[in-house]
Amino acid sequence: MLRSTAENPEQAVLRSEQRRTLEASLDVLTERERTALLLRDVEDMPAEEVAAQLNCSKATVRSHIANARVKVRRHLERKRTL
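Cut-offs and rules
- Residues numbered from 1 in each chain as written.
- Predicted model: local features only at pLDDT ≥ 70, side-chain atom pairs only at ≥ 80, totals over all residues.
- Heavy atoms only, no water.
- Helix = DSSP H or I, 4+ residues; strand = E, 2+ residues; numbered from the N terminus.
- Rg over C-alpha atoms; globule rule 2.2 N^0.38 Å.
- Buried < 20%, exposed > 50% of the residue type's maximum accessible area, 1.4 Å probe, protein only.
- Contact = heavy atoms within 4.5 Å.
- Lys, Arg positive; Asp, Glu negative; His and termini not counted.
- Charge placed at Lys NZ, Arg CZ, Asp CG, Glu CD.
- Arc of directions from axis to C-beta.

A. Representation of the overall build of the protein chain within the structure. Scanning the protein chain from terminus to terminus reveals four helices and zero strands. Listing the helices and strands of the protein chain from first to last along the sequence gives α-α-α-α. For 82 residues, the compact-globule estimate of 2.2 N^0.38 gives 12 Å, and the protein chain exceeds it by more than 25% at 16 Å. When the backbone C-alpha atoms are referred to their principal axes, the protein chain occupies close to 50 × 35 × 15 Å. When the 82 residues of the protein chain are sorted by exposure, 22% land in the buried category. Sequence-distant contacts in the protein chain: of pairs separated by 6 or more residues, those separated by 24 or more amount to 50%. For the protein chain, the distance from the average position of its 16 positive side-chain charges to the average position of its 13 negative side-chain charges is 5 Å.

See below:
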């Protein structure tokens, strides 16, 4: 028996809410933090390549990513307590 891959209305609403939450979380980041985080964690780009893209050191990339993760985590925690 084949299962339908179409979303039901509840799934669509949930996915939309998750997307808005993620976008809001990314909005709290600086441009460099956002770029470093997305290139490293979403695009799976090695830190060396992220550093080359941002014209900075690998240490700076690691700092941007660590700061971004903390900010996103705090933003999500604040959303949960509302």
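B. Structural view of helix 3 (residues 47–54). Looking at helix 3, one finds that the buried residues are Ala 47, Val 50, Ala 51 and Leu 54. Down the axis of helix 3, the buried side of the element spans an arc of 100°, and every buried residue falls inside it. The outward face of helix 3, more than 90 degrees from its buried face, is lined by the exposed residues Ala 52 and Gln 53. The secondary structure elements touched by the buried residues of helix 3 are helix 2 (31–42) and helix 4 (58–81). Asn 55 sits one or two residues past helix 3 and shows a positive phi near 55°.

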